[in-house]
Amino acid sequence: MRSEIDHLVVACATLEQGAAWAADRLGVAPQPGGQHVTMGTHNQLLRLGERVYLELIAVDPAGVAPARPRWFGLDQPEVQARAAGQPFLLTWVAASDDIYEAVQRVPALGEVTAFTRGAYAWQSALPEDGRLNHDGVLPAVIQWRSAHPAAQLEDRGCALLGLDLAHPQAPGVLPLFRALKLTGPVNLATGPRSLTAHLLTPRGPVALQ
């Protein structure tokens, strides 16, 4: 089993807000995504590599409230309040080639649940209460059962250079990274909780937080 960066999750109050933010910060517009009916959310996407992308996600005003808490802590008042100010890097998702082994190794990831959106099919491991693991520093885990979204997105000149993470309990989180056999440009340090994605964009290097 191995895992690698799959996508970055940017929380938005609305997708219109997110698209304007991306155009301002990155110099490019994201592409339409779709609705997550089960979760009551919708998204827009931006390719960052062959199998890496940025996801702008927001509660879908036209959707139905889900029977369970939304993923990525999107129901949490502190997340909604911060997104109302401006979009921000909420968490990240790692792709695993064996999600069931990943959950066995790191039970805190949650229960494996199947999803579909248009032509895409995948499984995600989600905590029952919808909250982020280790404040979003520990990634959610996904396994694709279809083509990868990044393969269908236009290359608009953006690429992920690296992901810098910090957490007060980093010594306890690092063994979880090792258990997931994470590969790629991810660095974890001890300190106040932070996530910083370093991107190459048409406007030059950009650090997203």
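Look up a bit, the structure's there.
Reading the values: rules and limits
Residues numbered from 1 in each chain as written. Predicted model: local features only at pLDDT ≥ 70, side-chain atom pairs only at ≥ 80, totals over all residues. Heavy atoms only, no water. Phe/Tyr/Trp six-rings, centres within 6.5 Å; stacked < 30°, edge-to-face > 60°. Buried < 20%, exposed > 50% of the residue type's maximum accessible area, 1.4 Å probe, protein only. Helix = DSSP H or I, 4+ residues; strand = E, 2+ residues; numbered from the N terminus. 1 Å grid on protein atoms, 1.4 Å probe; cavity = no way out; pocket = protein on both sides within 12 Å on 5 of 7 lines; lining within 4 Å. Points joined across faces, edges and corners; volume = space filled by probe spheres on them. Nonpolar A, V, L, I, M, F, W, Y, C, P; charged D, E, K, R; others polar. Pairing = 2+ DSSP bridges. Axes fitted to C-alpha atoms, helices over the stretch in contact; angles between N-to-C directions. Contact = heavy atoms within 4.5 Å. Arc of directions from axis to C-beta.

**Q** Report on the packing of aromatic side chains, specifying residues and quantitative values.
**A** Aromatic ring pairs: the centre-centre distance and the angle between the two ring planes describe each pair. The final tally for this structure, using the stated rule, is six aromatic pairs. Look at W71 and F72: their rings are 5.5 Å apart centre to centre, the planes differ by 20°, and that puts the pair in the stacked class. Its relative accessible area of 10% is what places F72 among the buried residues. With centroids separated by 4.9 Å and ring planes inclined at 40°, the aromatic side chains of W71 and F115 adopt a geometry described as tilted. Placement of W71 in the loop between strand 4 (52–59) and helix 2 (77–85) and of F115 in strand 6 (residues 111–117) is noted, with a sequence separation of 44 residues between them. We classify W71 as buried; its relative accessible area is 5%. Since its relative accessible area comes to 6%, F115 is described here as buried. One aromatic cluster is present, formed by W71, F72, F115, Y120, W122 and W144 through successive ring pairs.

**Q** Break down the layout of surface pockets for me, citing the residues and quoting the values.
**A** As a volume, the largest pocket reaches approximately 210 Å³. Every residue lining the largest pocket is listed: G73, Q76, E78, V79, R82, F88, L90, R131, L132, D135 and R193. Mapped onto the lining of the largest pocket, the elements with two or more residues apiece are helix 2 and strand 5 (88–96). The element contributing the most residues to the lining of the largest pocket is helix 2, with three residues. Of the residues belonging to the lining of the largest pocket, the class tally is four nonpolar, two polar and five charged.

**Q** Could you give an account of the sheet that holds strand 9 (residues 159–167), with specific residues and numbers?
**A** One open sheet accounts for four strands, arranged 11-9-12-13; its pairing is mixed. On the outer flanks of this sheet lie strand 11 (186–190) and strand 13 (204–208), each paired with one strand and no other. Here the average twist between neighbouring strands, direction ignored, is 15°. One ladder, built from seven bridges, connects strand 9 with strand 12 (residues 194–201); its direction is antiparallel. Within strand 12, the position partnered with L165 by the bridge is L195. Relative to the sheet, helix 1 (residues 15–26) contacts strand 12 and strand 13, its axis offset from that of strand 13 by approximately 135°.

**Q** So, helix 4 (residues 170–180): which residues are in play, and what are the values?
**A** Quick reminder: α-helices carry 3.6 residues per turn. Residues three or four places apart thus point the same way. Those residues of helix 4 lying buried are A170, V173, F177, A179 and L180. Taken around the axis of helix 4, the buried residues stretch over an arc of 170°, which confines them to a single face. What points out from helix 4, more than 90 degrees from its buried face, is the exposed set P171 and R178. Positive phi shows up at K181, right after helix 4, with a value of about 55°.

**Q** An account of the pairing of strand 4 is requested, with residue identities and associated values reported.
**A** In terms of residue burial, strand 4 counts as a mostly covered element, since seven of its eight residues are buried. Strand direction decides the pairing type here: strand 3 (residues 41–49) and strand 4, joined by eight bridges, are antiparallel. Looking across to strand 4, one finds that H42 is bridged to A58. What sits between the antiparallel neighbours strand 3 and strand 4 is a turn of two residues.

That is the geometry; function is a separate question.
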